[in-house]
Amino acid sequence: MSFLGVEQSLSGRRWVGPSADVERATEMLVQQAGLPRAVCQVLARRGVPAMEAPGFLDPKLKELLPDPRAMKDMEAAATRFLAAVRAKQRIAVFADYDVDGGSSAALLLVWLRQMGLQATLYVPDRIDEGYGPNVPAMQDLAARHDLIICVDCGTLSHEPIAAAKGADVIVLDHHLGGETLPDCAAVVNPNRQDESGDLGYLCAAGVVFLMLVEAGRQLREAGVTGPDLISLLDLVALATVADVAPLIGANRALVRQGLKVMAQRQRPGLVALSDVARMDSAPNSYHLGFLLGPRVNAGGRIGQADLGARLLSTESPHEAEALSQRLDELNTERRDIENAVRAAAMEQAEVRGLDAPLVWAAGEGWHPGVVGIVASRLKEAANRPAIVIGFDGDEGKGSGRSVSGVDLGASIQRLAAEGLLVKGGGHKMAAGLTVMRDQLEPAMARLSELLAKQGAGDSGPADLKLDGTLMPGAATVDLIEQIEKAGPFGASAPAPRYALPDLQVRFAKRVGESHLKLSLSDGVGAGLDAIAFGAFDGPMGEKLSNHGGARFHFAGRLEVNTWGGRQSVQLRLEDAAEAN
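Anyway, here's the lowdown on the structure attached to this text. For every chain, the first residue of the written sequence is number 1, and numbering continues from 1 along that sequence. In view of the model being predicted, local features appear only for residues whose pLDDT reaches at least 70, and side-chain atom pairs are presented and counted only at 80 or more, with totals across whole chains, interfaces and linings using the full set of residues. As a convention, hydrogens and water are excluded, and side-chain values are obtained from all of the structure's heavy atoms.

### Looking at the layout of surface pockets
It is a probe the size of a water molecule, rolled over the atoms, that shows where empty space is left. Space inside the second largest pocket adds up to approximately 400 Å³. Lining the second largest pocket are 27 residues; nearest its centre among them are Asp 234, Arg 265, Gln 266, Arg 267 and Pro 268. Sorting the residues of the lining of the second largest pocket by element identifies helix H6 (99–114), helix H11 (250–263) and helix H12 (268–276) as the ones contributing at least two each. Amino acids are sorted into nonpolar (Ala, Val, Leu, Ile, Met, Phe, Trp, Tyr, Cys and Pro), charged (Asp, Glu, Lys and Arg) and polar (every other residue, Gly among them). Here the lining of the second largest pocket is built from residues that sort into twelve nonpolar, nine polar and six charged. Here the term cavity refers to a set of points on a 1 Å grid, laid over the protein atoms alone, in which a 1.4 Å probe fits but cannot get out; the term pocket refers to an open set having protein on both sides within 12 Å along at least five of seven lines, with lining residues being those that place an atom within 4 Å of a point. Grid points are joined across faces, edges and corners, and a volume is the space filled by probe spheres set on the points. Labels follow the DSSP assignment, with helices taken as runs of H or I lasting at least four residues and strands as runs of E lasting at least two, numbered in each case from the N terminus.

### Thoughts on empty space enclosed by the protein
All chains considered together, the criterion is met by one cavity of 30 Å³ or more. Taken as a whole, the largest cavity encloses approximately 50 Å³ of empty space. Mapped onto the lining of the largest cavity, the elements with two or more residues apiece are H6, helix H13 (285–302) and helix H14 (307–313). Looking at the lining of the largest cavity, the element that brings in the most residues is H13, giving three residues. Tallied by class, the residues present in the lining of the largest cavity amount to six nonpolar, four polar and two charged.

### As for the pattern of salt bridges
By definition here, a salt bridge exists when the distance from a side-chain nitrogen of Lys or Arg to a carboxyl oxygen of Asp or Glu is within 4 Å. Tallied over the entire structure, the rule returns 37 salt bridges. Here Asp 146 and Arg 90 are joined by a salt bridge, their closest N and O atoms 3.3 Å apart. Residue Asp 146 is found in the loop between helix H7 (135–144) and strand S4 (147–151), and its partner Arg 90 is found in the loop between helix H5 (74–86) and strand S2 (91–95); the two are separated by 56 residues along the sequence. Given the relative accessible area of 22%, Asp 146 is considered partly exposed. The cut-offs for exposure are 20% and 50% of the maximum accessible area for each residue type, with area from a 1.4 Å probe on protein chains only; residues under the lower value are buried, those over the upper are exposed, and the others partly exposed.

### Quick look at the packing of aromatic side chains
Stacked, tilted and edge-to-face pairs are distinguished by plane angle, under 30 degrees for stacked and over 60 for edge-to-face with tilted covering the rest, among Phe, Tyr and Trp rings (Trp via its six-membered ring) whose centres lie within 6.5 Å. Inspection of the entire model under this criterion finds four aromatic pairs. Relative to Trp 111, the ring of Phe 81 lies with its centre 5.1 Å away and its plane at 45 degrees, an arrangement referred to as tilted. Residue Phe 81 is found in helix H5, and its partner Trp 111 is found in helix H6; the two are separated by 30 residues along the sequence. Each ring, one from Phe 94 and one from Tyr 122, has its centre 5.2 Å from the other, and the planes form 25 degrees; the classification is stacked. Here Phe 94 is found in strand S2, whereas its partner Tyr 122 is found in strand S3 (residues 120–122), with 28 residues between them in sequence. On the accessibility criterion, Phe 94 (0% relative accessible area) is buried. Here, a charge over a ring is recorded when the distance from Lys NZ or Arg CZ to the ring centre is within 6 Å and its angle to the ring normal is within 35 degrees. The ring of Phe 56 carries Arg 252 above its face, with NZ or CZ at 3.7 Å from the centroid. Residue placement shows Arg 352 over the ring face of Trp 360; its charged tip is 3.6 Å from the ring centre.

### Section: the nonpolar core
What makes a nonpolar core is a set of buried Ala, Val, Leu, Ile, Met, Phe, Trp, Tyr and Cys residues whose side-chain atoms join them at distances within 4.5 Å. Among the nonpolar cores identified, the biggest contains 85 residues, and Phe 81, Trp 111 and Leu 212 are the most heavily contacted of them. Of all the elements, helix H9 (residues 204–221) adds the most residues to this core, at ten residues. Residue contacts are defined here by distance: any two heavy atoms, one from each residue, within 4.5 Å place the two residues in contact. Excluding anything up to four places from it in sequence, Phe 81 contacts Leu 108, Trp 111, Leu 112, Leu 147, Ile 149, Ile 170, Met 211, Leu 212 and Ala 215. Among the nonpolar cores identified, the runner-up in size contains 42 residues, and Leu 29, Ala 38, Ile 480 and Leu 518 belong to it.

### Let's talk about the environment of Thr 332
As for its placement among the helices and strands, Thr 332 is situated in helix H15 (residues 317–352). Taking the relative accessible area as the measure of exposure, Thr 332 reaches 36% and is therefore partly exposed. Sequence separation between Thr 332 and Arg 295 is 37 residues, and the spatial gap between their C-alpha atoms is 8.9 Å.

### Here's the deal with the sheet that holds strand S9 (residues 395–401)
The rule for pairing is simple: two strands pair if DSSP sees at least two bridges between them. Pairing within the open sheet is mixed, and its five strands lie in the order S7-S8-S9-S11-S10. Each having just a single partner strand, strand S7 (359–364) and strand S10 (423–426) make up the two edges of the open sheet. Adjacent strand axes in the sheet meet at a mean angle of 15 degrees, parallel and antiparallel pairs treated alike. As defined by bridge partners, strand S8 (residues 386–392) adjoins S9 across seven bridges and the pair is classed as antiparallel. Lines fitted to C-alpha atoms define the axes here, with helix axes fitted over just the stretch in contact, and angles between the N-to-C directions of these axes take values from 0 to 180 degrees.

As structure tokens, this is what we get:
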């Protein structure tokens, strides 16, 4: 049964409220835990009983952090790493060009610097070299270094790692592993096929951090004090949120503690980037995912691949300021490129149809740095796994994003094994691929078939799940602060979404190209400001702008808006429906 009777909202979605079981669990939590109802609603949705509520609301790293040695090769990796440190060997860090790769590299570079060593940073160019280790780069690094550490990549790089003659190689990764592993000193990856998968939710920076925890343990056993690991958690938090890793288990504690570290503004790169992004409040997971993450990613997408890792690892405020400015400029350029590709991809996908198990688009000259973001937009529009591919001649490089319950990475890997792709891999929710033009149609047809077997394409536009109703007068800064105690919110842990029923639009103004600023009222004195990003990309913008005095139900998430030192509540509007 639909919530508030909304079977089809302005975005075409049905609204669904909390189940009877969640409602009962909420009431029980209110009575037994004595917590505010809004907090209990979040706990009930996450299946947290009253006796576990205190621990959930105050996650402790020492209680949730797994034993690093639970992962295969971890002890060997840390031992070889420390041997290089003690012997002052030449160390190179080969990193992926995204936020997770940059943060992972920065973790190692900062830790090694504090131990008196300067490591070489190598980040491949997205266009010229592509993802992961390649033979020429590994040969060159091996000629000049004793140890190469591959972070956020390397698990499938058998040939490039074999080419690193004369150097040892350690892989610290989280992408899906194949049937065999590269022949090297250690491959630490919770998503190896011979792992249990219990820690499969970690991003690469989480794996690197655990390796440093193990290294610290080995140092202590030798009577040596290593660097302060807690001070590095801001980098782990950034990577975890920006890489859309599930905020469950140890990730909750890593992000919660990392946000506290970030708020101390001790890392020059993050201080400069926060200022460029005009962050004027304490950092939260939204800031990491939508303000900082895209800027760190911009270098790897359309600029110089190592800018993000250099920013995150620098000790110089002056260098941090220059790098942040450059990344901010690149992020603006990235948005312009993305908008052009998105329009073309959406048009193509709509002609092909948005109701198949797979939504895909391919085009000549589409920048490989934005195809992943555009795939994410297609996925959101169709509630289907999506692939977007940019061709340069006969070779196309693409990126995909999946929906909950559909393992895209495994299907892409199978396509590569069947010979339909040049290469491909990833994890459940995201994957990358390289395909030849003459194999494009058969590859996409086969991928659609594999995804259909997992249930892709069975549903229409995603139901909008709501946690309850709220009136404007109850939306206070205090309420938001109470709700935040149940965070951090992000992947697999969405922030509560409320319906605000039967409100008037007092004021509506278009902001930028496609956003809408609103002032809402209940008609009896209480009001609330709202912002709807991308409202004019669909019917909601026009409908609410030309409301004609009609009343609407509104759905979205509450946030604190800080302006000029003053705090107010704002609704981040996601959907609306006419109130009958």
